[in-house]
Amino acid sequence: MYVNGFLGRRDCTSCVERTHGNVSYREIVEADWGQLDYLVIDMPPGTGDVQLSVSQNIPVTGAVIVSTPQDIALLDARKGVEMFRKVHVPVLGLVQNMSVFQCPKCKHETHIFGADGVRDLAKTLGLDVLGDVPLNVNIRETCDAGQPIVISQPQSDMAKAYLRIATEIVKRLPTPPA
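Conventions used here
Residues numbered from 1 in each chain as written. Predicted model: local features only at pLDDT ≥ 70, side-chain atom pairs only at ≥ 80, totals over all residues. Heavy atoms only, no water. Helix = DSSP H or I, 4+ residues; strand = E, 2+ residues; numbered from the N terminus. Buried < 20%, exposed > 50% of the residue type's maximum accessible area, 1.4 Å probe, protein only. Contact = heavy atoms within 4.5 Å. Areas by Shrake-Rupley, 256 points an atom, 1.4 Å probe, with all protein chains shown as cover. Expected span 1.5 Å × (residues − 1). Core = buried A, V, L, I, M, F, W, Y, C linked by side-chain atoms within 4.5 Å. Polar contact = N/O pair within 3.5 Å; in protein donor to acceptor, adjacent residues only side chain to side chain. Salt bridge = Lys/Arg side-chain N within 4 Å of Asp/Glu carboxyl O. Pairing = 2+ DSSP bridges.

Engineer: Talk me through the overall build of the protein chain; I want residue IDs and the actual numbers.
Structural biologist: Secondary structure summary: the protein chain contains seven helices and nine strands in total. Expressed as a percentage of the 178 residues in the protein chain, the buried residues total 30%. Of all intrachain contacts in the protein chain linking residues separated by at least 6 positions in sequence, the fraction that spans at least 24 positions is 62%. Accessible surface, the protein chain: about 11,300 Å² in total, of which carbon and sulfur atoms supply 53%.

Engineer: Outline helix H7 (residues 157-172), supporting the account with residue identities and numerical values.
Structural biologist: In a regular helix each residue adds 1.5 Å, so 16 residues correspond to 22 Å; H7 covers 23 Å between its end C-alpha atoms and thus fits that length. Contact partners of the buried residues in H7: strand E7 (91-102), strand E9 (129-135), helix H5 (137-144) and helix H6 (149-152).

Engineer: Could you give an account of the nonpolar core, with specific residues and numbers?
Structural biologist: Membership of the largest hydrophobic core comes to 15 residues, with the highest contact counts inside it found for Ile65, Val81, Phe84, Val91, Leu94, Leu121 and Leu127. Elements with a contribution of two residues or more to this core: strand E6 (63-67), helix H3 (71-86), E7 and helix H4 (117-125). Residue contributions to this core peak at five residues, all from H3. For Phe84, the contacting residues outside a window of four places in its chain are Met43, Ser55, Ala63, Ile65, Val89 and Val91. Membership of the second largest hydrophobic core comes to eight residues, among which are Val95, Val133, Ile149 and Met158.

Engineer: If you had to explain H5 to someone new, which residues and values would you point to?
Structural biologist: In this structure Asn136 caps H5, since a side-chain oxygen of it lies 2.7 Å from the backbone nitrogen of Asn138. Immediately beyond the C-terminal end of H5, within one or two residues, lies Gly146, with a positive phi of roughly 80°.

Engineer: So, the environment of Gly131: which residues are in play, and what are the values?
Structural biologist: Here Gly131 lies in strand E9. A residue is classified by how much of its surface remains accessible, and Gly131, at 15% relative accessible area, is buried. The residues touching Gly131, leaving out its near neighbours within four places in the chain, are Leu94, Val95, Gln96 and Ile165.

Engineer: Could you give an account of the side chain of Thr68, naming the residues involved and the relevant values?
Structural biologist: Looking at the element boundaries, Thr68 is found in the loop between E6 and H3. With near-sequence residues (within four places) excluded, Thr68 lies in contact with Ala73, Leu74, Asn97, Met98, Phe113 and Val118.

Engineer: Before we move on, could you go through the pattern of salt bridges and cite the residues and values that matter?
Structural biologist: Going through the model one piece at a time under the given rule, you end up with six salt bridges. Taking the shortest distance from any N to any O, the salt bridge between Arg140 and Asp144 comes out at 2.8 Å. Of this pair, Arg140 and Asp144 both sit in helix H5, four residues apart, roughly one helical turn. By relative accessible area, Arg140 is classed as partly exposed at 45%. On the basis of relative accessibility, which here comes to 42%, the residue Asp144 falls in the partly exposed class. Between Lys171 and Glu168 there is a salt bridge whose closest N-O contact spans 3.0 Å. Of the two residues, Lys171 and Glu168 are both situated in helix H7; the distance of three residues between them amounts to about one turn of the helix.

Engineer: Before we move on, can you summarise unusual backbone geometry with the specific residues and values?
Structural biologist: In the Ramachandran plot, His88 falls in the positive-phi region, its phi being about 65° despite a non-glycine side chain. With respect to the helices and strands, His88 occurs in the loop between H3 and E7. In this structure, Met98 is a non-glycine residue whose phi angle is positive, near 55°.

Engineer: Can you lay out the pairing of E6 for me, pointing to particular residues and giving the numbers?
Structural biologist: Going residue by residue along E6, you find Ala63, Ile65 and Ser67 tucked away on one face and Val64 and Val66 left uncovered on the opposite face. Pairing of E6 with E7, which is carried by five bridges, proceeds in the parallel orientation. Paired with Ser67 across the strands is Gln96, a residue of E7.

This is the structure we're talking about:
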């Protein structure tokens, strides 16, 4: 499990160790995060010890489930929603990752992982789709270079997709205390 935060350096991600099925919270709980509006914890897919430990030991305002639209990934997404509901963590919505690939030369769009799997799952579960993230080499390249697409190419369609998703998430969160 990784706690991600943009602090202006490439080496700023804090790794939280997993030991015998338990997550060490020292780095999360004892860290001096300074003044934060939000802390986003990026967890692996599934419903294992990491997800249960975090949801039971750290106050969680909401969960966002991210999935590709393919059937096998949607099984994990469904289980994730069900688990968070059982532990009384509000599910803010779903994000469809790698939703479409657009050929950089001819602009033809291909739904490599399927077209609307996350949309169909959201409808079945009574949740909103917060947005779609395309499969695009620029996203990977800019992240690998330490300049995420929202920083390096803020006017691009890919950056706008992330910003729309962030806006949708914030709309669903309670107002932070002053």
